[in-house]
Amino acid sequence: METRVIPVDREHLQKETVAEAAELLRAGELVAFPTETVYGLGGDALMPDAARKIYAAKGRPSDNPLIVHIADTGALPKLASEIPDAAWLLAERFWPGPMTMILKKKPIVPDATTGGLATVAIRMPSDPVAAMLIRESGVFIAAPSANASGRPSPTRAEHVYEDLNGRIPMILDGGSVPIGLESTIVDLTGETPMVLRPGYITIEQLREVLPDVQYDPAILKRVRDDTIVAKAPGMRYRHYAPKGELTIFEGDLAAVTARIQAEAEAKLAEGARVAVLASEETKDCYRGLTVRCVGDRDCEETVAAHLFETLREFDRMGAEYIFGECFPEDGVGQAVMNRLMKAAGYRIVRV
Ligand code: TXA
Ligand code: MG
C-alpha cells in the first residue's frame, strides 16, 4: 500500500484539505493525523474492522484499548452508559485538550475498540486538524499514538512515516505537535477518580476541579538501587523505548553529569556506540561524547516537546548505550519522568 503524506496548513484550514481523509475514515480505512499531544492513527471507533486494522498496522496487542476521539461533548452520552458529574466538570474545564477520561461504555462501542473492556477512553482534542477531521468524517475516531508498537510516540509526520510507511493509506502532515507527550488519562469508573497516565494536564490542575483525584499507585512505583538496576520489573513496562539501552541517573546534578561522563567513557573504551541525553543547562559539561539536548530544565514544556524525537534520534545514530539525566518531577515533569523511566525499562541509578 502506498502511504500518501498530505501537507496541512493549519493557518488556512479548509474542509477540502481533510475531505479525502474523512472519506477514507468513513470507508473503514486508517488515517494518521496530528493532535496537540502526539500524532494519532485513526479509524472509525464503532467499526470493529477499523480497530483491527489499527492493531495490525501498529503491531499492537489487541487487548490494549484505544482512545475514542470526539469533537463535542454531545458525543459523551452516545458512547458512555454512565456519566458522573465529575465527567462533566472535567470536560468543561479541560476539553478540548490533552485529557482523556475513562467511563463505562455503551454497547455501541465494540470490544475491538476497548480491548474487550466494559469501559471506554474518550478525548476531545484541541488540535484544529483533528477537530475538523472528526467533524467532517462524522465518525468517532479511535486513535492510539501513530507509532509502531513499543517505539516512541510520533511528534512529527516524518516519525509516523518512518514507522507506518506502506501500512496505512494517508498521513495528514500538520508539522510538529505543540505538547509532545500523550494526554493525561483519568479513570472515573471507580469510587475515587484515578490518574492512570500523567500528561500535560497535571494532577494539581485536575484537583482544582476534582479535589480527591489520586494517582494510580502503578505510576508512582519505581525500582531504585544504588547500583545499576539489573532487574527491571518485566519487559511489559518497556514502552517508548529506543533500541539502545537507556539508563537514567538521578541525584545532585553535578554528580549526575560526572557519573554519566565516567560511565559513557567506560562504554566507549569497550568500543560501544554511546550517547548522552542532556539538558540545555548541562550539555556543555560533557567532553568527547555524543550529546543530545532534550530541552531546558527551567522550562519542562520544552523537554516534553522534544523527548520522543530525541529518543528516535538515538536510534538513527545507532546508539547502543544511552545515558540520561533525570528531570524534576513537578508539573509536567511528572509525565516527562514517567515516559523516561518507561523508556529506560526502569533502569535508574541513584548517584
Ligand atoms: O494523547 C493521546 O492520548 C494520544 C493522541 C493520539 O490522542 N493517544 C494515545 O493513545 O496516547 P495510546 O493508544 O497510545 O494510549 C492509550 C492509553 C493506553 O495506555 C491504553 O491502555 C489506555 O489509554 N486506555 C485506553 N482505553 C482504556 C480503558 N478503557 N481503560 C483503561 N485504560 C485505557
Ligand atoms: Mg501509545
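Enquirer: Whenever I open this one, the overall build of the protein confuses me. Can you help?
Expert: Helix and strand content of the protein: 12 helices and 16 strands. Its C-alpha radius of gyration of 20 Å places the protein within 12% of the 20 Å reference for a compact globule of 351 residues. Considered along the principal axes of its C-alpha atoms, the protein spans approximately 60 × 50 × 35 Å. Burial status across the protein gives 55% buried among its 351 residues. When contacts within the protein are restricted to residue pairs at least 6 apart in sequence, those whose partners lie at least 24 apart make up 70%. Of the accessible surface of the protein, which amounts to about 14,500 Å², a share of 50% is contributed by carbon and sulfur atoms.

Enquirer: Can you help me understand the side chain of Glu36 in this one?
Expert: Take Glu36: it is sitting in the loop between strand S2 (31-33) and strand S3 (40-44). In terms of polar contacts, Glu36 uses its side chain to reach the backbone amide nitrogen of Asp127, at 3.2 Å. If sequence neighbours within four positions are ignored, Glu36 has contacts with Gly97, Pro98, Arg123, Pro125, Ser126, Asp127, Val177, Pro178, Ile179 and Gly180.

Enquirer: Explain empty space enclosed by the protein here, please?
Expert: Over the atoms, a rolled probe matching the size of one water molecule traces out where space is still vacant. Under the counting rule described, the total for this entry stands at 1 cavity of 30 Å³ or more. Considering only enclosed or pocket space, the largest cavity measures out at about 40 Å³ in volume. Mapped by element, the contributors of at least two residues to the lining of the largest cavity are helix H8 (203-209) and helix H12 (333-343). Taken together, the residues that form the lining of the largest cavity break down as 7 nonpolar, 5 polar and no charged.

Enquirer: Before we go on, may I ask you to explain the confidence of the model for the protein in this structure?
Expert: Do not read the predicted coordinates in detail wherever pLDDT is low. A residue-level look at the protein finds 95% of positions with pLDDT of 70 or above and a mean pLDDT of 93. Below a pLDDT of 50 lies the segment residues 224-237, which in the model reaches 25 contacts outside its immediate sequence neighbourhood of four places, other chains included.

Enquirer: Can you help me understand the pairing of strand S10 (residues 194-197) in this one?
Expert: Residues in a regular strand project their side chains so that they alternate between the two faces of the sheet. Sheet analysis places strand S9 (residues 184-187) next to S10, joined by 3 bridges and oriented antiparallel. In the sheet register, Val186 faces S10, and the bridge partner there is Val195. Where S9 folds back onto S10 in an antiparallel hairpin, the turn is made up of 6 residues. Here 2 bridges tie S10 to strand S11 (residues 214-215), and the two strands are oriented parallel to one another. In the sheet register, Met194 faces S11, and the bridge partner there is Gln214. On the question of chirality, the crossover connecting S10 to the parallel S11 by way of H8 is right-handed.

Rules used in this analysis
Residues numbered from 1 in each chain as written. Chains lettered and ligands numbered in written order. Predicted model: local features only at pLDDT ≥ 70, side-chain atom pairs only at ≥ 80, totals over all residues. Heavy atoms only, no water. Helix = DSSP H or I, 4+ residues; strand = E, 2+ residues; numbered from the N terminus. Rg over C-alpha atoms; globule rule 2.2 N^0.38 Å. Buried < 20%, exposed > 50% of the residue type's maximum accessible area, 1.4 Å probe, protein only. Contact = heavy atoms within 4.5 Å. Areas by Shrake-Rupley, 256 points an atom, 1.4 Å probe, with all protein chains shown as cover. Polar contact = N/O pair within 3.5 Å; in protein donor to acceptor, adjacent residues only side chain to side chain. 1 Å grid on protein atoms, 1.4 Å probe; cavity = no way out; pocket = protein on both sides within 12 Å on 5 of 7 lines; lining within 4 Å. Points joined across faces, edges and corners; volume = space filled by probe spheres on them. Nonpolar A, V, L, I, M, F, W, Y, C, P; charged D, E, K, R; others polar. pLDDT = per-residue confidence, 0-100. Pairing = 2+ DSSP bridges. Right-handed = clockwise from strand over helix to strand, strands pointing away.

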